[in-house]
Amino acid sequence: MTIDNDQAALAARFPAGFAWGAATSSYQVEGSTKADGRGKSIWDVFVDEPGRVIDGSNGEKAIDSYRNVEGDVSLVKELGLHSYRFSLSWPRICPEGDGRVNRAGLDYYQTLVDSLLEAGVTPWVTLYHWDLPQALENGGGWPKRDTAERFGEFARIAHEALGDRVKHWITVNEPWCAAFLGYASGEHAPGRQEPAASIAAAHHLMVGHGLASRAIKEGDPDATVSIGLNFYPVYAATDAPPDLDAARRIDGVQNRFFTDAALKGRYPEDVVEDFSAVTDFSFVEVGDMELINAPLDCLSVNFYSKFTVTGDADGGAVSASAAPTDSGSPWPANDHIGFVTTGLPQTDMGWEIAPQGLTETLKRLHNNYPDVKLAITENGAAFPDKLVDGQVADSERLEYFRAHVGACADAVDEGVPLVAYFAWSLADNFEWAWGYTKRFGLVYVDFETGQRVVKDSGKWYADLVRHARSHGEAQ
Ligand code: FCB
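Criteria and thresholds
- Residues numbered from 1 in each chain as written.
- Predicted model: local features only at pLDDT ≥ 70, side-chain atom pairs only at ≥ 80, totals over all residues.
- Heavy atoms only, no water.
- Helix = DSSP H or I, 4+ residues; strand = E, 2+ residues; numbered from the N terminus.
- Rg over C-alpha atoms; globule rule 2.2 N^0.38 Å.
- Contact = heavy atoms within 4.5 Å.
- Areas by Shrake-Rupley, 256 points an atom, 1.4 Å probe, with all protein chains shown as cover.
- Lys, Arg positive; Asp, Glu negative; His and termini not counted.
- Charge placed at Lys NZ, Arg CZ, Asp CG, Glu CD.
- Near = heavy atom within 4 Å.
- Polar contact = N/O pair within 3.5 Å; in protein donor to acceptor, adjacent residues only side chain to side chain.
- Nonpolar A, V, L, I, M, F, W, Y, C, P; charged D, E, K, R; others polar.
- Phe/Tyr/Trp six-rings, centres within 6.5 Å; stacked < 30°, edge-to-face > 60°.
- Buried < 20%, exposed > 50% of the residue type's maximum accessible area, 1.4 Å probe, protein only.
- Lys NZ or Arg CZ within 6 Å of the ring centre and 35° of its normal.
- Pairing = 2+ DSSP bridges.
- Axes fitted to C-alpha atoms, helices over the stretch in contact; angles between N-to-C directions.
- Salt bridge = Lys/Arg side-chain N within 4 Å of Asp/Glu carboxyl O.
- Expected span 1.5 Å × (residues − 1).

Draft legend 1. Geometry of the overall build of the chain. When helices and strands are counted, the chain shows 16 helices and 13 strands. Expected size for 475 residues packed as a compact globule is a radius of gyration near 23 Å; at 21 Å, the chain falls within 12% of this value. Along the first, second and third principal axes, the C-alpha set of the chain runs to 55 × 55 × 45 Å. Residue pairs at least 24 apart in sequence account for 79% of intrachain contacts in the chain once pairs closer than 6 positions are excluded. Looking at the chain as shown, the accessible area adds up to about 16600 Å², and 49% of this sits on carbon and sulfur atoms. On the chain, the mean spot of the 40 positive side-chain charges and the mean spot of the 69 negative ones are 3 Å from each other.

Take a look at the structure:
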């Protein structure tokens, strides 16, 4: 079978109207962190602390997307994508995190949205992809309820400005990372290691989701509102009771905590019980769970790998990001749990490649929450690419995408209501604590010159989308 036929057959397994896209986030691509009245985010402050980012780099330049709207949009167009997912930098729009608006910040996103629409590309906007205004962190950050209130206000401002043209909204990206890498392990900004506060942060991120969702729906009842969660199938290393319990615990925090809150209006009892070792949940106020349980039009699924765990403390707790910096455990009340590898091939992040886990995850989500549509809003892999004679032959990434898109098709075959797939990422960018050392793009970026080159995986993906177009227009 030629590659071309392979893509045609794969594309044909998805329903008409399926949206194919690629994703980025503001701090990872924009650069221009001091331009035009942008305020500081927690990442601007964090990257200045020695040892936080492995290569000592920061997002000041990133891939210069702020100054290069046309360049990014033409890449999206060149790949033929239906949709582009990007995030709004909250401190670019509200430099102090309160209701005062920086027009120039909004203008950038207005231009980006208009250019995408002109190019026939549907924007999917994430409101929070981890760049909290530092002013709000100074006031206590996500462990404080006020941050959630301010986020609701920001959502209203963003929706008032863009809601006439943007119909797809993702409130919060990966609250697990924002709460537990940001406030428990300290691998991510703001770098705090406070297990109890991290659980309060997780709750307030969910309250923020509820408030943002309400603001968007009040502005446009027809908008599609979603939350972005990162899922991992979790397996016990053996059938021994401590390993089985470890799997239940990690699955609880990683997969069920946020989803049950958003879709069932309650935190899972067993997780609350586990967390009671470090917090009394006194931060949960009357009405919070109803707010968090606001109707969801779509659940955004970010998927990279699987976890295999053991109850043996010596296994060594790692995080989803396995950041290279000195850090605590991102698993409050569960730091006795170890993570093991199972001999599968790994990406450059050390993440095991487990595409069947994606099919399983989608089927399980549909089974547990049958009423909500699902979208893959991130899926991808880092590999150490080389630009040789103007080409990037990234066959491992190509295979990763082929396998994972196939895994999505398997889930669709079994009746999962999947509506979209976004590759992470459109282009190589600033990979948080890993700086510029990990490449996830469909497009290679020379970080010195800014030159962009579509990788072989990008060409493969573009062909897939071209075939998909023959099955009907995207939503
Ligand atoms: C996800 C993040 C995204 C990127 C990928 C590799 O957890 O949402 O920004 O870092 O991992």
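Draft legend 2. Structural detail: the site of the ligand. Taken together, Gln28, His129, Trp130, Asn173, Glu174, Tyr304, Glu378, Trp424, Glu431, Trp432 and Phe440 make up the full set of residues adjacent to the ligand. The side chain of glutamate 174 places a nitrogen or oxygen atom 2.5 Å from an oxygen atom of the ligand. Glutamate 378 has a polar side-chain atom sitting 3.0 Å from an oxygen atom of the ligand. Protein contacts shield 95% of the accessible area of the ligand, which totals 290 Å² for the unbound molecule. Across the shell around the ligand, the residue classes tally to 5 nonpolar, 3 polar and 3 charged.

Draft legend 3. Fine view of the side chain of aspartate 72. Residue placement: aspartate 72 occurs in helix H4 (residues 69-78). Within the local environment of aspartate 72, its side chain forms a polar contact with the side chain of serine 65, the two groups lying 2.6 Å apart. Apart from residues lying up to four places away in sequence, aspartate 72 is in contact with Ser65, Leu426 and Arg452.

Draft legend 4. Highlighting the packing of aromatic side chains. The final tally for this structure, using the stated rule, is 47 aromatic pairs. Ring geometry for tryptophan 90 against phenylalanine 154: centres 5.2 Å apart, planes inclined by 10 degrees, an arrangement best described as stacked. Of this pair, tryptophan 90 sits in helix H5 (residues 90-93) while phenylalanine 154 sits in helix H8 (residues 145-162), and the two are 64 residues apart along the sequence. With respect to class, tryptophan 90 is no different from phenylalanine 154; both count as buried. With a centroid separation of 6.1 Å and 75 degrees between ring planes, the pair formed by tyrosine 128 and phenylalanine 151 is classed as edge-to-face. Remark: phenylalanine 151 occurs in helix H8 and tyrosine 128 occurs in strand E3 (residues 122-128); sequence separation between them is 23 residues. Here the two residues tyrosine 128 and phenylalanine 151 agree in accessibility, since each one is buried. Put simply, the rings of Trp176, Phe180, Tyr232, Phe257, Phe258, Tyr267, Phe275, Phe281, Phe283, Phe307, Trp331 and Phe339 pair up and form one aromatic cluster. A cation sits over an aromatic face here: lysine 438 above tryptophan 434, 4.6 Å from the ring centre.

Draft legend 5. Here's a closer look at the sheet that holds strand E7 (residues 298-303). Taking strand neighbours around the barrel as the criterion, the 8 strands line up as E1-E2-E3-E4-E5-E7-E10-E11 in a closed arrangement whose pairing is parallel. Within the sheet, the average angular offset between the axes of one strand and its neighbour, ignoring direction, is 25 degrees. Summarising the sheet, strand E10 (residues 373-379) and strand E11 (residues 418-424) pair through 3 bridges and their orientation is parallel. Residue pairing for E11: isoleucine 376 is matched across the bridge by tyrosine 421.

Draft legend 6. Looking closely at the pattern of salt bridges. Taken as a whole and assessed by the stated rule, the structure comprises 41 salt bridges. Here arginine 13 makes a salt bridge to aspartate 413, at a shortest N to O gap of 2.6 Å. Placement of the pair is arginine 13 in the loop between helix H1 (3-11) and strand E1 (19-23) and aspartate 413 in helix H15 (residues 395-413), with a sequence separation of 400 residues. Each of Asp245, Arg248, Arg249, Asp251, Arg256, Asp270, Asp274 and Arg364 takes part in a single network of salt bridges with overlapping partners.

Draft legend 7. Up close: the sheet that holds strand E9 (residues 338-340). One open sheet accounts for 3 strands, arranged E6-E8-E9; its pairing is mixed. Edge strands, defined here as strands with exactly one partner in the open sheet, are strand E6 (234-236) and E9. Sheet twist, expressed as the mean angle between neighbouring strand axes with direction ignored, is 45 degrees. Across 3 bridges, the pairing between strand E8 (residues 307-310) and E9 is antiparallel. In the sheet register, threonine 308 faces E9, and the bridge partner there is valine 340.

Draft legend 8. Structural view of helix H10 (residues 195-219). Here H10 spans 36 Å end to end across 25 residues, near enough to the 36 Å set by a 1.5 Å rise per residue. Of all 25 residues in H10, 19 are buried, a share of seventy percent or more.

Draft legend 9. Focus on unusual backbone geometry. Proline 190 follows alanine 189 through a cis peptide bond whose omega is 5 degrees. With respect to the helices, strands and loops of the structure, proline 190 is situated in the loop between helix H9 (175-183) and H10. For the bond from tryptophan 424 to serine 425, the omega torsion is 10 degrees, close enough to zero to count as cis. Examined against the element boundaries, serine 425 turns out to sit in the loop between E11 and strand E12 (443-445).

Draft legend 10. The arrangement of the environment of histidine 366 in detail. Turning to its location among the elements, histidine 366 is positioned in helix H14 (residues 355-368). A residue is classified by how much of its surface remains accessible, and histidine 366, at 22% relative accessible area, is partly exposed. On a C-alpha basis, the gap between histidine 366 and glycine 191 in space is 35 Å, while along the polypeptide they are 175 residues apart.

Draft legend 11. Structural view of the side chain of serine 57. Looking at where serine 57 falls in the secondary structure, it is placed in the loop between helix H3 (42-46) and H4. Within the structure, serine 57 has its side chain in polar contact with the side chain of aspartate 55 (distance 2.6 Å). In contact with serine 57, not counting residues within four places along its chain, are Val47, Phe430, Gly435 and Tyr436.

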